[in-house]
Amino acid sequence: MIIFDPYELTLHTPNHFSFGGLDRDVISREKASCLDYVLENPETRIVPIWRSLNLFSNTVESGTPPVPAYLSIQDATDLIEIAKNQVYLGKQAVASTFISYLAIDISSLEEDEATNKLAPWGKFADLRDIGPLIGGIEGSILAYARGIMFWHNRNGYCGVCGTPTIATKGGHQRNCTKKGCACIHFPRTDPAVIMLVKDDDRVLLGRQKIWPDGLYSTLAGFVEPGETIEHAVAREVYEEAGIIVKNIIYQHSQPWPFPSSLMLGFTAEACTKKINLNDAELENAQWFTRSEMLNFETQEKYLPRKVSVSRRLIDDWLYER
Ligand SMILES: [Zn+2]
């Protein structure tokens, strides 16, 4: 049972990585005994993270689809002791009980040690590669664990005074340990806009020089301080392609923990047509019609992976969903 049904939250079906179904249980995080309470639950699942990699019980090489691997508290006792950080992710009601999820960062282990210790349960791999092969729900829990551990690893020292920080609130906050500073640091998420710009029967796609040959995607960029998300859409499209847009409409979002973004998907209408690569971020931008895009393969072009917001925006337009 899940506390929020992602299919009822909005009119759009949820994106990959965005419907973990966990009750984040903020009330328990507030208690000083939060982690003890999680470790006392025999149903707790341990989610190990090693240097931003997640654990999977089947490997791509085995020919069987990978499955996220969780450990019991009993199996993970040694690992919990050496974990640099522990984060209570939340709980999931199952029948009359509930499963808690505790992410642990065991990056202090050397590669051989991590590989050998975890071998009975699985192998570490990059969620960016494995994500499309696993379900969106389980992928979401792994994405959450990876994202918050990334934040912990970059906030070990206070950004105000440089003193070491300590994790509190079940791993959802870091506090500066210097008296007189005591600054509180919260997990960061960087909002990024990603937009499909339409002009009647064609849309604007671009490609960066570093991308694999033939890959075309929607334009995207980070929101800047003091800016609305709609303004960010208009600015990025103008900077990257020289096109002025209007009627910007928010569609749906997706957590993207590579390393810490929240992707915000939009559609927009073009007011101008002439492409001008203003900031040299793209090596090419073009208008493509539906029929051109449906025959992309014959032109040795292809679209982003299906788990991405970019592909979702493109497919929704292409197939008029
Ligand atoms: Zn400080």
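Reading the values: rules and limits
Residues numbered from 1 in each chain as written. Predicted model: local features only at pLDDT ≥ 70, side-chain atom pairs only at ≥ 80, totals over all residues. Domains from an automatic or database assignment. Pairing = 2+ DSSP bridges. Helix = DSSP H or I, 4+ residues; strand = E, 2+ residues; numbered from the N terminus. Expected span 1.5 Å × (residues − 1). Buried ≥ 20, exposed ≤ 12 C-beta atoms within 10 Å, placed from the backbone. Axes fitted to C-alpha atoms, helices over the stretch in contact; angles between N-to-C directions. Contact = placed C-beta atoms within 7 Å.

1. Overview of the domain arrangement of the chain
For the chain, the domain assignment lists domain 1 (6-154), domain 2 (155-187) and domain 3 (190-318). One C-alpha centre belongs to domain 2, the other to domain 3, and the line joining them spans 37 Å.

2. Quick look at the sheet that holds strand β6 (residues 165-168)
Across the sheet, which stays open at both edges, the three strands sit in the order β6-β7-β8 with antiparallel pairing between neighbours. Whereas interior strands pair on both sides, the edge strands pair on one side only; in this sheet they are β6 and β8 (184-185).

3. Examining helix α7 (residues 136-153)
For α7, spanning 18 residues, the distance from its first C-alpha to its last is 25 Å, which sits close to the expected 26 Å at 1.5 Å a residue. Summarising burial for α7: 14 of the 18 residues are buried, a large majority.

4. Some remarks on the sheet that holds strand β4 (residues 97-105)
Across the sheet, five strands lie side by side as β3-β4-β1-β2-β5; this open sheet has mixed pairing. Across the chains shown, the open sheet's two edge strands, defined by having one partner strand only, are β3 (85-94) and β5 (123-125). Across the sheet, the mean angle from the axis of one strand to that of its neighbour is 30 degrees, orientation sign disregarded. Where β3 lies against β4, nine bridges are found, and the strand directions are antiparallel. Of the residues in β4, the one forming a bridge with N85 is D105. The strands that α7 touches are β1 (45-50), β2 (53-56), β3 and β4; relative to β3, the one it contacts most, it runs at about 160 degrees.

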